[in-house]
Amino acid sequence: MPQIADWLQKLGLGQYAQRFAENDINFAILPHLTDQDLKELGVASLGHRRQLLLAIAELNGVQKGAVQPPPSTEAPVAPHDTAERRQVTVMFSDLVGSTGLSARMDPEDLREVISAYQKCVADTVRRFGGFVAKYMGDGVLIYFGYPQAHEDDAERAVRAGLELIATVSDLKTNAALQTRVGIATGLVVVGDLIGAGASQEQAIVGETPNLAARLQGVAEPNSVVLAESTRKLVGNLFELEDLGAQDLKGIAGPVRACAALRASSVEGRFEAFHASCHR
């Protein structure tokens, strides 16, 4: 069913296309699907089920009583150029002590250090399926769940954060480097591309990016701090330290946070995932 498959792909949920096809789900059936139906179809993630139900409701509202227009002769608009609601895990990574480095290093040497740091961040998060949205001086904004969504995006983000701390510490530069990471998960609206060239980024509207940035700001050097929304999704896959309620600038009310210390011994699902990818 290529039409359903295209619709799922546009939502970033193309991994479910085969299950929809195997169960003969078409656009006429979509409005009648329930949360339980989606579970039976294999959509295990609560966030993905909510995203699908929202998309179905919007689709039904547009198509109700309307005649399907003929196919457009114009080039289709790329999915990433249209606003859409998505569950995204946002990571902010920051180089610790960059102000002190700038005071004692030659600008050319500092540029090389920051460039090495940024490359390290990009290479690390991409191995876990993350998308580098923007470089901001010595900081990097990363999305997990956009443009490509995975059922375990929150887990991937935390593993990437822990790996990043280790790889940055091992970088061979003119100065010993440390990083800190903030991670939060939530529903956002992904809008059009803004800016141009190196400053271009996909606009994400919602509290999640701000929360991730604020958590990164309270993180200790070489630590990964998670919002409660991310902690609930990763369960017992990591050893965590409860940091209690945090008062964060720009965030209403205290926010519970925890630090991810290391992966727990419960790693079978992630290892099986990677084994299947490399067959």
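Quick summary incoming for the structure in this document. This one's a predicted model, so the numbers in the text were calculated from it and none came from an experiment.

Notes on unusual backbone geometry
Note the cis peptide between Tyr-146 and Pro-147, where omega equals 0 degrees. Considering the arrangement of structural elements, one finds Pro-147 in the loop between β3 (139–144) and α7 (153–169). Here Asp-24, not a glycine, exhibits a phi torsion of approximately 55 degrees, which is positive. With respect to the helices and strands, Asp-24 occurs in the loop between α2 (17–22) and α3 (35–40). Here the phi dihedral of Asn-222 falls at roughly 60 degrees; this positive angle occurs in a residue that is not glycine. Looking at the element boundaries, Asn-222 is found in the loop between α8 (207–218) and β6 (223–227). The class of Asn-222 is partly exposed, set by a relative accessible area of 27%.

Some points on the nonpolar core
Counting residues in each nonpolar core, the largest one holds 36 residues, and the members touching the most others are Met-91, Val-125, Phe-144, Val-158, Ile-183 and Val-224. When contributions to this core are tallied by element, the ones reaching two or more residues are β1 (84–95), α6 (107–127), β3, α7, β4 (179–194), β6 and β8 (255–263). Discounting chain neighbours no more than four positions away, the residues touching Ile-183 are Thr-89, Val-90, Met-91, Ala-157, Val-158, Ala-212, Leu-215, Val-224, Val-225, Leu-226, Ala-227 and Thr-230. Membership of the second largest hydrophobic core comes to 21 residues, among which are Val-88, Ala-133, Ile-204 and Ala-219.

Cut-off values and rules
In every chain, residue numbers begin from 1 and rise along the written sequence. Only residues with pLDDT of at least 70 get local features here, since the model is predicted, and only at 80 or more are side-chain atom pairs given and counted; chain-wide, interface and lining totals rely on the full set of residues. Excluded from the side-chain calculation are hydrogens and water; included are all heavy atoms of the structure. Put simply, DSSP marks the helices as runs of H or I at least four residues long and the strands as runs of E at least two long, and each gets a number from the N terminus on. Buried residues are those whose accessible area, probed at 1.4 Å on protein chains only, stays under 20% of the maximum for their type, while exposed residues exceed 50% and partly exposed ones sit between those limits. Take the buried Ala, Val, Leu, Ile, Met, Phe, Trp, Tyr and Cys residues and link them wherever side-chain atoms come within 4.5 Å; each set so joined is a nonpolar core. Contact between two residues is taken to exist if any of their heavy atoms lie within 4.5 Å; hydrogens are not considered.

Note that every value here comes from positions in space, so none of it alone points to a role or purpose.
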